[in-house]
Structures are given as C-alpha cells and as structure tokens.
Amino acid sequence: YSAGVNPYYVSAYSQTELARAYFWRSASQTVNLASVNQTALREWPVPLAPTQEQRAIMDAIGERMSVVCAVENDIDHALRQAARLRHGSQIWAG
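Described in the following lines is the structure provided in the data block.

How each quantity is defined
Residues numbered from 1 in each chain as written. Predicted model: local features only at pLDDT ≥ 70, side-chain atom pairs only at ≥ 80, totals over all residues. Heavy atoms only, no water. Helix = DSSP H or I, 4+ residues; strand = E, 2+ residues; numbered from the N terminus. Rg over C-alpha atoms; globule rule 2.2 N^0.38 Å. Buried < 20%, exposed > 50% of the residue type's maximum accessible area, 1.4 Å probe, protein only. Contact = heavy atoms within 4.5 Å. Areas by Shrake-Rupley, 256 points an atom, 1.4 Å probe, with all protein chains shown as cover. Lys, Arg positive; Asp, Glu negative; His and termini not counted. Charge placed at Lys NZ, Arg CZ, Asp CG, Glu CD. Core = buried A, V, L, I, M, F, W, Y, C linked by side-chain atoms within 4.5 Å. Arc of directions from axis to C-beta. Polar contact = N/O pair within 3.5 Å; in protein donor to acceptor, adjacent residues only side chain to side chain. Phe/Tyr/Trp six-rings, centres within 6.5 Å; stacked < 30°, edge-to-face > 60°.

**Here's the deal with the overall build of the chain**
Step number 1: Per the secondary structure count, the chain includes 4 helices and 2 strands.
Step number 2: Going from N to C terminus, the chain has its helices and strands arranged as α-α-β-β-α-α.
Step number 3: Taken over C-alpha atoms, the radius of gyration comes to 22 Å for the chain, far larger than the 12 Å a tight globule of 94 residues would show.
Step number 4: Expressed as lengths along the three principal axes of its C-alpha atoms, the size of the chain is roughly 65 × 40 × 20 Å.
Step number 5: Burial status across the chain gives 15% buried among its 94 residues.
Step number 6: Contacts spanning at least 24 positions in sequence make up 53% of the contacts within the chain whose residues lie at least 6 apart.
Step number 7: By element, 59% of the accessible surface of the chain is carried by carbon and sulfur atoms, the whole surface being about 7700 Å².
Step number 8: The average position of the 8 basic charges and that of the 8 acidic charges among the side chains of the chain differ by 6 Å.

Laid out in structure tokens, this is it:
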C-alpha cells in the first residue's frame, strides 16, 4: 500500500455514511447490481490524517470493537442461559 496510508484506516472510512453516499452517487445501476468503476474509485475523496493519527484512530476503533465483541458474547451467553431456563421450566410444567 502507499506510504503514509493505513489500509485499515481506509477500510474503516469506507464504511462511513460519507463514503457510502459517494459510492451510491458514483455507482452504475443495473438490474440487482450496483458497481463503482475504477475512475470513481480513484477519485474517491478520502480525508487522510497523518500516519500517527491514522494509527491512533484505528487503535480507538479497535478498543471500541473489543467492547462490542465482549457485550455480544455476554448477550449470547445470557440468551443461551435463558433458553436453558425456559426449557427447564417447561419440563417442570410438564
């Protein structure tokens, strides 16, 4: 990749509302398919922060995603436990 450009930063930016809006405006629409050509992709305006700031942004995103994953795991565990309890109460209710 280009020096000074963190590909993970660009990937994260591509998921923002600004980037999505650009892609929708630049897309060629056909039946059930939207595509963006290379010219539009090359002209995509990505606001590039300095390399250190890109790294700091990605670190912050990583920390937040870790919290999201932990919460998702807690929810999955609670749902499995609730299902077991529901199943158990159905056995007792007979």
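What follows continues from the structure just given.
**Structural notes on the nonpolar core**
Step number 1: Listed in full, the 10 residues of the largest apolar core are Val5, Tyr9, Val10, Tyr13, Ala19, Tyr22, Ala40, Trp44, Ala49 and Met58.
Step number 2: Elements with a minimum of two residues in this core: helix H1 (7-14) and helix H2 (17-26).
Step number 3: Residues contacting Val10, with those up to four places away along its chain left out, are Val5 and Trp44.

**Things to note about H2**
Step number 1: Those residues of H2 that fall on the buried side of the exposure criterion are Ala19, Tyr22 and Ser26. The buried residues of H2 occupy an angular sector of 60° when the element is viewed end-on, so they sit on one face. Opposite the buried face of H2, by more than 90 degrees, sit the exposed residues Glu17, Trp24 and Arg25.
Step number 2: Elements in contact with the buried residues of H2: H1, strand S1 (28-30), strand S2 (33-35) and helix H3 (38-42).

**A short note on H1**
Step number 1: Those residues of H1 that sit buried are Tyr9, Val10 and Tyr13. Down the axis of H1, the buried side of the element spans an arc of 100°, and every buried residue falls inside it.
Step number 2: The backbone nitrogen of Tyr8 has a side-chain oxygen 2.8 Å away, supplied by the residue at the start of H1, namely Asn6.

**Observations concerning the packing of aromatic side chains**
Step number 1: One pass over the structure, following the stated rule, counts 3 aromatic pairs.
Step number 2: Plain terms: the ring middles of Tyr13 and Trp44 are 5.7 Å apart, the flat faces sit at 25° to each other, and that makes the pair stacked. Of this pair, Tyr13 sits in helix H1 while Trp44 is found in the loop between H3 and helix H4 (51-93), placing the two residues 31 residues apart along the sequence.
Step number 3: On the basis of relative accessibility, which here comes to 14%, the residue Tyr13 falls in the buried class.
Step number 4: Taking the relative accessible area as the measure of exposure, Trp44 reaches 13% and is therefore buried.
Step number 5: Cluster of aromatic residues (ring-pair linked, three or more members): Tyr13, Tyr22, Phe23 and Trp44.

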